[in-house]
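# Residue-level structure breakdown
Read off the chains here:
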Amino acid sequence: MNTNRLSPRLEQALSDQMNTEDLQSRVYFSYGIWAADKGYGGISNFLFRHAQEERDHAVKFMQYVLNRGGKPKVTALPSPGDEPRSLTECFDLVFKHEVDNTTAIYNLVNIAFEEKDWASWNFLQWFVKEQIEEETFAMNLIDKLKIAGGDRASDESLFTLDKTLETQPDDADLAQDATGANP
């Protein structure tokens, strides 16, 4: 008896996203190595934590496909690409990766909706919300670096930014969670 509750199309798309999340983990890992090499211990720590979060997302996709009776397929991953040349480029790339990932998640939601696979559609809503958080967090990184002076920031400003990111929580405040008492 076939117990797979996923269409071949959706099973493949979810497997592809699992691999994309794994690649994103490697990208953040490589950016963290770059930051550590430049002496930004706090920023590298932040990027290493983010790499682990992306890895956790890959595991969520894997587990979901398995739980629905499918078999996710691990594929070869490309190189994470060139390392950033500056903190501005690093943070801009983080934002670009998150926007691209949001597009991929929305594509999965569309497939689940088209196929009326409500279990998958529901599962993917967690990632829709997560991507709002991820993009917000990336925009906050860019803003913090701009406030510090961008690529022309003083050593003192970069030191403060580095220390801030070392201890900053990994979750961003979301607009939809704001209240009158907690704007």
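Residues numbered from 1 in each chain as written. Predicted model: local features only at pLDDT ≥ 70, side-chain atom pairs only at ≥ 80, totals over all residues. Heavy atoms only, no water.

Naming follows an unreviewed UniProt entry, where the protein appears as Ferritin of Chryseobacterium gilvum. In the Function (unreviewed entry) part of its UniProt record, the protein is described as follows: "Iron-storage protein." Under the UniProt heading Sequence similarities (unreviewed entry), the entry covering the protein gives this text: "Belongs to the ferritin family. Prokaryotic subfamily." (UniProt positions renumbered as here; feature names shortened; annotations may be inferred.)

So, on to unusual backbone geometry. Unlike most non-glycine residues, Lys-116 shows phi in positive territory, near 55 degrees. Assignment of secondary structure puts Lys-116 in the loop between helix H3 (87-114) and helix H4 (118-148). (Helix = DSSP H or I, 4+ residues; strand = E, 2+ residues; numbered from the N terminus.)

Turning our attention to the nonpolar core. Ranked by internal contacts, the top residues of the largest apolar core, which has 24 residues, are Tyr-31, Ile-43, Leu-47, Leu-87, Phe-91, Val-94 and Leu-165. At the level of secondary structure, the elements contributing two or more residues to this core comprise helix H1 (8-37), helix H2 (41-67), H3, H4 and helix H5 (155-167). The leading source of residues in this core is H4, at six residues. Every residue in contact with Val-94, bar those within four places of it in the chain, is listed here: Tyr-28, Tyr-31, Leu-47, Ala-138 and Leu-141. Counting residues in each nonpolar core, the second largest holds 18 residues, with Leu-6, Ile-105, Ala-112 and Phe-123 among its members. (Core = buried A, V, L, I, M, F, W, Y, C linked by side-chain atoms within 4.5 Å. Buried < 20%, exposed > 50% of the residue type's maximum accessible area, 1.4 Å probe, protein only. Contact = heavy atoms within 4.5 Å.)

In this section: the pattern of salt bridges. Pairing between side chains of opposite charge can happen when the charged atoms of each approach one another. Overall, the coordinates contain six salt bridges when judged by the stated rule. Notably, a salt bridge pairs Glu-114 with Arg-9, separated by 3.0 Å at the nearest N-O pair. Here Glu-114 is found in helix H3, whereas its partner Arg-9 is found in helix H1, with 105 residues between them in sequence. For Glu-114, a relative accessible area of 51% puts it in the exposed group. Across the salt bridge formed by Lys-73 and Glu-11, the nearest N and O atoms sit 4.0 Å from each other. A residue pair is termed long-range when its members are at least 10 positions apart, and Lys-73 in the loop between H2 and H3 and Glu-11 in helix H1 qualify at 62 residues. For Lys-73, a relative accessible area of 44% translates into the label partly exposed. On the accessibility criterion, Glu-11 (11% relative accessible area) is buried. Ionic contacts of the salt-bridge type, sharing partners, join the residues Arg-9, Glu-114 and Glu-115 into one network. (Salt bridge = Lys/Arg side-chain N within 4 Å of Asp/Glu carboxyl O.)

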